[in-house]
Amino acid sequence: MGLSLSSSTEIASLLQQRLFGPQLSSRRLPGCSSARHGPQRLCLDFPARTLFSPLEAKGPLHPLPHRLCRQHGIPHCLGSIPSLLSPTPSAPHPIAIFSDQLNHASIIDGIHLAERQSQAKLFVYRHSDMLHLHSLLSSCSITMKVVITDSLFSMDGDFAPLTQLVELRKKHGFLLAIDDAHATLVCGENGGGAGEYFGCEKDIDICIGTLSKAVGCHGGFIATSKRWKSLIQSRGRSFIFSTTIPVPVVAASLAAISVGRRERWRRRAIWRRVQDVYSLSGLPISSPIISIIVGTEEAALSASRHLLKSGFHVTAIRPPTVAPNSCLLRITLSAAHTVDDIKELVATLSPWITTVNSNLLEFSKL
C-alpha cells in the first residue's frame, strides 16, 4: 500500500539537493567513490541538523506540534510510557494499559517492554468493541490509564473507531496513543493520517507512525505535545538507548513527504481504487488494505500461488500472524494500480470473493 513515490523523479533531485546542497548536487563529490575517505568525510562535514530539524519541527506528517524521529516507533514509545506517567523513574506508579485485541505485534511487544519496566497491567478489549472497553475502564481502579490502538489495522484493513475513543477519553481521562503506520500519508486531505481523516487529531495524545510504508524509507516518528516530547527525550529508556536515523534516510524521507503531501492526486488515486474494488466485487472494504479469509494454510498458499501465476503478488497470511484456520489473502492497493488492474484482479479472485460474499449473506441472516 502506498503512493507509488518510487516513480517520482523529483524525489531523487530533492534528495541530492538536501544531501549535497544545490551547488554540489549537480556534480560528483571528490573522493566519494572511495569507501575509505569519501563517506567518512561526508559524514563529518554534513550539517545533519539541517535535515532533522525540518523533519521533526515542520510537522510534515501530523498536526500534533512536536515530533521525534528514530529508527523505531512503537517499542520505544510504549517502553517510555511507564516512566512518563510516574513522578520519578525510581518510584513508578501502577499503570493500566488497554490494548485492542487485534493490535499489531509491535504494539504488543512494546506493552510487554512496559510491563517489564514498571508496574504496568495489561487489559485487552475485544476488537473495536467500545462497550467492552468502557466496561474495563469503569471497573479499573488504577488511576493512570493508557489506551493504545492501531488506527488502521494492518491485517483486517478496518479503522479503529477513533471518534468513539475520543468520547471515552473525555469521560475516563486516559492517555490516547495510536499507531498510525498504515494511515500516514494515505488518509486525510493532507496525508495527516487517520486523525485528520476522522477530524479528531487534536484529541490524540500520542501518534506513532512509520517512515517505511507510504513514505517508502526507514524509521519511525512520534507526534505529540511539547511536554510528552521532553519527557520521552529525558526519561524514555528505549529512546535514550537507541540510535538515530541515518542522515541519507532523513533526506530521502523529507523528499518523499514533500512530494507525497503536495501531489494529492496520489491519495485520490488510491481511494478511487478502493471504490473500484468495492463496486466490482461487493466486498465490504473500507481502506486500501483488503483481506479475504480462505481458511487453512494449504488453501491460502494455493490461492496465493494461483494469483502469482496470474500476475498478482498477493501474500498468504498464516499463523502466528492470524489464528489457525483463519488464513487470509492480504491485498494492498497502490496509486500505481489502474482500473484495468483492479478488473483483472477481481476476476482472478472471483472464486474466493464469491465464497466470502456467501458467508456474509448467511451471517446476516442469523
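Throughout, a residue's number is its position along its own chain's written sequence, starting from 1. Residue-level local features of this predicted model are given only where pLDDT is at least 70; pairs of side-chain atoms are given and counted only at 80 or more, and the full residue set underlies all totals for whole chains, interfaces and linings. Computation of side-chain values covers all heavy atoms of the structure but excludes hydrogens and water.

Under an unreviewed UniProt entry, the name given to the protein is serine C-palmitoyltransferase, and the source organism is Rhynchospora pubera. UniProt positions are given in the numbering used here, feature names are shortened, and annotations may be inferred rather than shown by experiment. In its Subcellular location (unreviewed entry) section, the UniProt record describing the protein reads: "Endoplasmic reticulum membrane". The UniProt entry for the protein carries the following comment under Cofactor (unreviewed entry): "pyridoxal 5'-phosphate".

Remarks on the nonpolar core
To form a nonpolar core, buried Ala, Val, Leu, Ile, Met, Phe, Trp, Tyr and Cys residues must be joined to one another through side-chain atoms within 4.5 Å. Each residue is assigned to one of three classes by its accessible area relative to the maximum for its type, calculated with a 1.4 Å probe on protein chains only: buried under 20%, partly exposed between the two thresholds, exposed over 50%. Among the nonpolar cores identified, the biggest contains 46 residues, and Phe98, Tyr125, Leu133, Val147, Leu162, Leu165 and Leu176 are the most heavily contacted of them. Each helix corresponds to a stretch of at least 4 residues labelled H or I by DSSP, and each strand to a stretch of at least 2 residues labelled E; elements are numbered beginning at the N terminus. If you list the elements that add at least two residues to this core, you get strand 2 (95-100), strand 3 (120-125), helix 6 (130-139), helix 7 (162-172), strand 5 (175-179), strand 7 (220-224), helix 11 (247-262) and helix 12 (265-281). Here, two residues are considered to be in contact whenever any of their heavy atoms come within 4.5 Å of each other. Excluding its chain neighbours within four sequence positions, the residues that come into contact with tyrosine 125 are Phe98, Ser99, Asp100, Gln101, Met130, His132, Leu133, Leu136, Val147, Ile148, Thr149 and Leu165.

Things to note about the pattern of salt bridges
If charged atoms from side chains of opposite charge come close, those side chains can pair. For this analysis, a salt bridge means a side-chain nitrogen from Lys or Arg found within 4 Å of a carboxyl oxygen belonging to Asp or Glu. Counted according to the given criterion, the structure contains eight salt bridges. Close ionic contact of aspartate 276 with arginine 273 constitutes a salt bridge, the shortest N to O distance being 2.8 Å. Linking aspartate 276 with arginine 273, this pair stays in helix 12, spanning three residues, or about one helical turn. Arginine 273 shares its class with aspartate 276; the two are buried.

As for the sheet that holds strand 8 (residues 289-295)
Two strands make a pair as long as DSSP finds a minimum of two bridges between them. Overall, antiparallel pairing links the three strands, which are arranged 8-10-9 in an open sheet. Looking along the sheet, the strands with just one partner apiece sit at the ends: strand 8 and strand 9 (315-317). Taking the axes of each pair of neighbouring strands and ignoring which way they run, one obtains an average angle of 30° across the sheet. Inspection of the sheet shows strand 8 paired to strand 10 (residues 327-332) by six bridges, in the antiparallel sense. When the bridges of strand 10 are listed, isoleucine 292 appears paired with leucine 329. Helix axes are fitted to C-alpha atoms over the stretch in contact, other axes to C-alpha atoms as well, and angles between N-to-C directions run from 0 to 180 degrees. Along the sheet, helix 13 (residues 297-309) makes contact with strand 8, strand 9 and strand 10, crossing strand 10 at roughly 30°.

Points about the environment of valine 322
Looking at the element boundaries, valine 322 is found in the loop between strand 9 and strand 10. Measuring from C-alpha to C-alpha, the distance between valine 322 and leucine 102 comes to 9.4 Å, with 220 residues separating the pair along the chain. Apart from the residues lying within four places of it in its own chain, the contact partners of valine 322 are Ile317, Cys327 and Leu328.

Quick look at unusual backbone geometry
Here the amide bond leading from proline 319 into proline 320 is cis, since omega sits at 10°, within 30 degrees of zero. You can see proline 320 is positioned in the loop between strand 9 and strand 10. In this structure, serine 128 takes a positive phi of about 55° despite not being glycine. Summarising the element assignment, serine 128 is placed in the loop between strand 3 and helix 6. Judged by relative accessible area, which is 22%, serine 128 ranks as partly exposed. At asparagine 325, a residue that is not glycine, the phi angle is positive and equals roughly 65°. Locating asparagine 325 in the fold gives a position in the loop between strand 9 and strand 10. For asparagine 325, a relative accessible area of 56% translates into the label exposed.

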